[in-house]
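Here is what each chain is made of, one letter per residue.
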Amino acid sequence: ADVIISTQKPLYIGFFSQIGLFLWTSSATICFYASKFFEKINKKRKLSRYLLDCGFVSSLILIDDAFCIHEIVLPLKGIREEVILLIYFFLGLLIFIKHKKQIFFIRKELFTFTICLFSISQLFDILVFNPFIKYIDIEELLKLGGIISWLAYVYLLSSDYLNQEILRIKKIQN
């Protein structure tokens, strides 16, 4: 709230940011829990690793958002924001290349939508970022939409595979 008061921004900006932190936490929790569950199933080890990587990315972005790492902390240390965003991009690309089979097997449309929202949000952040420009509202909404989509993606992905596993176990029992 102190930041909102000092920048004279609308209260909902801080609200979106705080909700985003809760959603990142939820996403990471789902990913880590599901990863641990699928780790024990022979044919689901790649899925387990993918969910673990998704949980790691969710946690990394959670920490970055909570402490303004790429916007304030690292730039104060002489590391430009664009360099950090480029590192995040290559980390995402590496995970994408490593897990493309898991990504394109199920829920690929939601994954693609999520990436589009985050990309547009980052474009706003890079191209028109200025703490006193109105477009920050649009960037915050796009980012929140991306986080909500990401949470929906990891939840639906995990529950789809969990339901498949439950059906497989029921077939074995019958």
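Residues numbered from 1 in each chain as written. Predicted model: local features only at pLDDT ≥ 70, side-chain atom pairs only at ≥ 80, totals over all residues. Heavy atoms only, no water.

1. Re the overall build of the chain
Selection criterion: We count a stretch as a helix when DSSP gives it H or I for four or more residues in a row; a strand needs E for two or more, and each element gets its number in order from the N terminus. Here, two residues are considered to be in contact whenever any of their heavy atoms come within 4.5 Å of each other. The protein chains shown are the only cover counted for residues, whose accessible areas, like all others here, come from Shrake-Rupley with a 1.4 Å probe.
Along its length, the chain carries eight helices and zero strands. Moving toward the C terminus, one meets the helices and strands of the chain in the order α-α-α-α-α-α-α-α. Sequence separation of 24 or more characterises 72% of the internal contacts of the chain that already satisfy a separation of 6 or more. Within the structure as shown, the chain displays about 11200 Å² of accessible surface, and the carbon and sulfur contribution to it stands at 71%.

2. A look at the packing of aromatic side chains
The condition that has to hold: Ring pairs are drawn from Phe, Tyr and Trp, using the six-membered ring of Trp, whenever the two centres fall within 6.5 Å, and their geometry is named by plane angle: stacked under 30 degrees, edge-to-face over 60, tilted for the rest. Partly exposed residues are those whose accessible area sits between 20% and 50% of the maximum for their type, while under 20% is buried and over 50% is exposed, using a 1.4 Å probe and protein chains only.
Scanning all chains against the criterion turns up ten aromatic pairs. Consider the rings of Phe 15 and Phe 16, whose centres lie 6.3 Å apart with planes at 55 degrees: the pair is tilted. Taken together, a centroid distance of 6.3 Å and an interplanar angle of 75 degrees make the contact between Phe 38 and Tyr 161 edge-to-face. Highlighted residues: Phe 38 in helix H2 (residues 11–39) and Tyr 161 in helix H8 (residues 136–173), separated in sequence by 123 residues. Take Phe 38: its relative accessible area is 1%, and that puts it in the buried class. One aromatic cluster in this structure is built from Phe 96, Phe 104, Phe 111, Trp 150 and Tyr 153.

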